[in-house]
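Chain by chain, the residues run as shown.
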Amino acid sequence: MALTGIPEGFSRVCLGGIGVEIPESFICNEELVETYNGWAEAENAARAARGEEPVPLSSAEFIVQASGIRRRHVYERNGILDPARMAPVIPARGDDELSVMAEFGLAAARKALAHAKLEPNELDLIICSAAHHQRPYPAIAIEIQQALGAQGAAFDMGLGCSSALAGLHVASNMVRSGAYRRVLVVTPELITAHLNFRDRQTHFIFGDASVAAIVEAMDHREERQGRFEVVDTRLWTRFSNGIRTNFGFLSRLAQEDPYLLEMHGNMIKQMGNKVFKEVTLAGHQFIVEFLGEYDHTPHSMRRFWLHQANARMNAMILKLALGENVDHDRAPLVLDRLGNTAAAGAIIALAENHEDMKAGELGLLCAFGAGYSIGGALLKMM
């Protein structure tokens, strides 16, 4: 049984600031489908000549029905809609230049610092927790630390689409224990660079976004109206191949020529129907049990900020938990215009939908994804 409540002598913790960076460029379903079908028709002509099964076509209606997504913002639009390429054109940078992922995270981090009214030198630790990382090392978090001019320490971590919640879980417990006063959790999700736009099951799902949150001890600053106390956090994991990417150092060794990198089959893939069913049941159970540890029920929550992956999944999880359908006010959605921004999505929903909440009201921040993994944070408006 997980421990609940704050042990004696431990600090109360709050979210001191939140930052969101969303790229200006976006791609609507119709554009994406036109590109995919253009490639699929040419591919099917070649397959027919070889006597192979055709790949299925896509449609804007299918995308909305399957996910609720109508468009997605992207870090780089150029190249994605070219049937001969179908991948963003992002030029490589030198080792002495700021990396793309660090730059993306830095934009959200600066917004979080401004929201918290803090300077970089007031941070003690930076965690870069994201579903997709540009490189293994040096840590992106250390690069962000240097670009900010922050002190202390920094490290990278990841837990699929639960990465931001996992980062908040680690940060909250570190601050609660007194190990650090303030921790910046940065989640830059540049997913389109890792997406197979020729896979009908996943080509429409993801968009790019970067978020950041500052976790700090409440006894180091006065309580401020409009901020959230982090009552508690929780993680749950269970191994599954339902969502998987095999992109890694062994990919090159599986080829006849280790110096030619063939990406097909190593990018994001998922078993859509299987994931939907299993994560829906697991998400519902996680929410009920987590809240039950505090003698709360889902009905006690003023708002749910859930992972922004699938509108039908969120609706079903909450209907199981509450026994009724919920509207945008109770469980806000941003995925219809942003797509699935992996670990960033739930934080964006929180950032955009909290200012009307009253002091003392509770909300649940919850994300679920590859692993399987689920992360939750019980928040109380101060």
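None of these values were measured; they are calculated from a predicted model. (Residues numbered from 1 in each chain as written. Predicted model: local features only at pLDDT ≥ 70, side-chain atom pairs only at ≥ 80, totals over all residues. Heavy atoms only, no water.)

## A few points about empty space enclosed by the protein
Put simply, the rule reads: With a 1 Å grid spanning the protein atoms alone, the term cavity applies to any set of points in which a 1.4 Å probe fits but cannot get out, the term pocket to an open set with protein on both sides within 12 Å along at least five of seven lines, and the term lining residue to any residue with an atom within 4 Å of a point. Grid points are joined across faces, edges and corners, and a volume is the space filled by probe spheres set on the points. Under the scheme applied here, ten amino acids are nonpolar (Ala, Val, Leu, Ile, Met, Phe, Trp, Tyr, Cys and Pro), four are charged (Asp, Glu, Lys and Arg), and all others, including Gly, are polar.
Counted under the stated rule, the structure contains 4 cavities of 30 Å³ or more. The volume enclosed by the largest cavity comes to roughly 50 Å³. A per-class count over the lining of the largest cavity returns 4 nonpolar, 3 polar and 1 charged.

## A word on the state of the cysteines
Counted only if it meets this: Pairs of cysteine sulfur atoms within 2.5 Å are identified as disulfides in what follows. Think of it in three bands: residues with accessible area under 20% of the maximum for their type are buried, residues over 50% are exposed, and the middle band is partly exposed, with areas taken using a 1.4 Å probe on protein chains only.
Scanning all chains against the criterion turns up 0 disulfides. Distance from the sulfur of C128, which forms no disulfide, to the nearest cysteine sulfur (C161) is 15 Å. Note on C128: relative accessible area 0%, which makes it buried.

## Focus on unusual backbone geometry
For clarity, the threshold we go by: Counting from the N terminus, the helices are DSSP H or I runs at least four residues long and the strands are E runs at least two residues long.
Here the bond from Y137 into P138 is cis, since omega is 0 degrees, no more than 30 degrees from zero. Note that P138 resides in the loop between β4 (125-129) and α4 (140-148). Put simply, G371 and Y372 share a cis peptide bond, and its omega is -10 degrees. Summarising the element assignment, Y372 is placed in the loop between β12 (362-369) and β13 (373-381). Even without glycine at this site, A342 takes up a positive phi of about 55 degrees. Classification of A342 as buried rests on a relative accessible area of 1%.

## Side note on the sheet that holds strand β6 (residues 182-189)
Spelled out, the test is: Here, a strand pair is defined by DSSP locating no fewer than two bridges between the strands. Lines fitted to C-alpha atoms define the axes here, with helix axes fitted over just the stretch in contact, and angles between the N-to-C directions of these axes take values from 0 to 180 degrees. Any two residues whose heavy atoms approach within 4.5 Å are treated as being in contact.
An order of β5-β4-β6-β7-β1-β8-β13-β12-β11 is seen for the 9 strands of this open sheet, with the pairing classed as mixed. Each edge of the open sheet is held by one strand with a lone partner, namely β5 (153-157) and β11 (303-306). Looking at each pair of strands side by side, their axes are set apart by 25 degrees on average, direction ignored. As judged from the 5 bridges shared by β4 and β5, these two strands associate in the parallel manner. What sits directly across from S129, in β5, is M157. Strands β1 (13-21), β4, β5, β6, β7 (209-217), β8 (228-237), β12 and β13 of the sheet are contacted by helix α5 (residues 163-177), whose axis makes an angle of about 120 degrees with β8. Packed onto the sheet, helix α9 (residues 345-352) meets β1, β7, β8, β11, β12 and β13 and runs at close to 100 degrees relative to β1.

## Let's talk about the pairing of β8
The buried fraction of β8 amounts to 7 of the 10 residues, a majority that puts the element mostly inside the structure. With 2 bridges connecting them, β1 and β8 associate as antiparallel partners. When the bridges of β8 are listed, L15 appears paired with F228. Two elements, β8 and β13, share 9 bridges in a ladder whose sense is antiparallel. Counterpart to T233 in the pairing with β13 is A377.

## Considerations on the pairing of β12
With respect to burial, β12 is a largely interior element, 8 of its 8 residues being buried. Neither face of β12 is exposed, since L362, L364, C366 and F368 on one face and G363, L365, A367 and G369 on the opposite face are all buried. Relative to β12, β11 runs parallel, the two sharing 4 bridges. Residue W305 lies in a different strand from β12, and its bridge partner there is L365. Judged from the 8 bridges that link them, β12 and β13 form a sheet pairing that is antiparallel.

## Quick word on the packing of helix α3 (residues 100-116) against α4
To keep it simple, the criterion reads: In what follows, roughly perpendicular refers to angles from 65 to 115 degrees, roughly parallel to angles under 35, roughly antiparallel to angles over 145, and oblique to any angle outside these ranges. Crossing chirality is assigned from the near helix's rotation relative to the far helix, an anticlockwise turn below a right angle marking it left-handed and a clockwise turn marking it right-handed.
Following both chains from N to C, one finds α3 and α4 inclined at 55 degrees, their axes separated by 9 Å at the closest point. Relative to α4, the element α3 is oriented oblique. Note that α3 runs across α4; the crossing there is right-handed. The segment α3 lies against α4, with M101, A102, G105, L106, A109, R110 and L113 engaging I140, E143, I144, A147 and L148.

## Notes on the environment of D219
Tracing the backbone through its elements, the reader meets D219 in the loop between β7 and β8. With relative accessibility at 58%, the residue D219 sits in the exposed group. Distance from D219 to S99, taken between C-alpha atoms, is 36 Å for residues 120 residues apart in sequence.

## Points about the environment of L168
For L168, the location among the structural elements is in helix α5. Judged by relative accessible area, which is 4%, L168 ranks as buried. For the pair L168 and A213, spaced 45 residues apart in the sequence, the C-alpha separation amounts to 8.1 Å. Among all residues touching L168, those that are not within four sequence positions of it are L15, V185, A213, V215, T233, I347 and L365.

## Concerning the pattern of salt bridges
Just so we agree on the cut-off: In the sections that follow, a salt bridge refers to a side-chain nitrogen of Lys or Arg positioned within 4 Å of a carboxyl oxygen of Asp or Glu.
Using the criterion set out here, one finds 17 salt bridges in the structure. Residue R50 pairs with E52 through a salt bridge whose shortest N-O separation is 3.1 Å. Across the pair R302 and D329 runs a salt bridge, and its minimum N-O distance is 3.1 Å. Taken together, the residues R302 in the loop between α6 (272-292) and β11 and D329 in the loop between α7 (311-322) and α8 (335-338) connect sequence positions 27 residues apart. For D329, a relative accessible area of 34% corresponds to the partly exposed category. What emerges from the salt-bridge pattern is a single network uniting R302, R303, D329 and D356.

Function cannot be read off these values alone, since they describe shape.
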